[in-house]
Amino acid sequence: MSWLLDLLEEERRKLNQLGEASLKQAIPLWDNPAVQEQSRRVDELVAQVSEMKAKLGRVVRQ
């Protein structure tokens, strides 16, 4: 699971960089397709991490 957390952190860094660049150019985040796409990637990874943690929790409890 550490590889997934590493990937999530990397994608979050990319999102932050895109967001900062967008704000410096006075482009609202919701109007920047690159920011929106990266945000979706991060959301998908967060969901995967949550799902994996839930599965691990069920395995430990059984």
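Quick notes on the rules
- Residues numbered from 1 in each chain as written.
- Predicted model: local features only at pLDDT ≥ 70, side-chain atom pairs only at ≥ 80, totals over all residues.
- Heavy atoms only, no water.
- Helix = DSSP H or I, 4+ residues; strand = E, 2+ residues; numbered from the N terminus.
- Rg over C-alpha atoms; globule rule 2.2 N^0.38 Å.
- Buried < 20%, exposed > 50% of the residue type's maximum accessible area, 1.4 Å probe, protein only.
- Contact = heavy atoms within 4.5 Å.
- Lys, Arg positive; Asp, Glu negative; His and termini not counted.
- Charge placed at Lys NZ, Arg CZ, Asp CG, Glu CD.
- Expected span 1.5 Å × (residues − 1).
- Salt bridge = Lys/Arg side-chain N within 4 Å of Asp/Glu carboxyl O.

(A) The arrangement of the overall build of the protein chain in detail. Helix and strand counts for the protein chain stand at two helices and zero strands. Here the C-alpha radius of gyration of the protein chain, 15 Å, is well above what a compact globule of 62 residues would show, namely 11 Å. Dimensions of the protein chain, computed from C-alpha atoms along their principal axes, come out at roughly 50 × 20 × 10 Å. Burial status across the protein chain gives 21% buried among its 62 residues. By sequence separation, contacts in the protein chain at least 24 residues apart represent 59% of the contacts at least 6 residues apart. Charge-centre separation for the protein chain: the mean point of 10 positive side chains lies 6 Å from the mean point of 10 negative side chains.

(B) Summary view of helix α1 (residues 2-24). Here α1 spans 33 Å end to end across 23 residues, near enough to the 33 Å set by a 1.5 Å rise per residue. Buried within α1 are the following residues: L4, L8, E11, L15, G19 and S22. A positive phi of about 60° marks A26, the residue just after α1.

(C) Quick peek at the pattern of salt bridges. On inspection of all chains with the given rule, the structure shows five salt bridges. Between E11 and K14 there is a salt bridge, and its shortest N-O distance comes to 3.4 Å. With E11 and K14 both in helix α1 and three residues apart, this pair spans about one turn of that helix. For E11, a relative accessible area of 9% translates into the label buried. A residue is classified by how much of its surface remains accessible, and K14, at 34% relative accessible area, is partly exposed. The partner of E51 in a salt bridge is K55, with the nearest N and O atoms 3.5 Å apart. With E51 and K55 both in helix α2 (residues 33-61) and four residues apart, this pair spans about one turn of that helix. Assessed through its relative accessible area of 44%, K55 is described here as partly exposed.

By themselves, these observations are geometric and do not establish any function.
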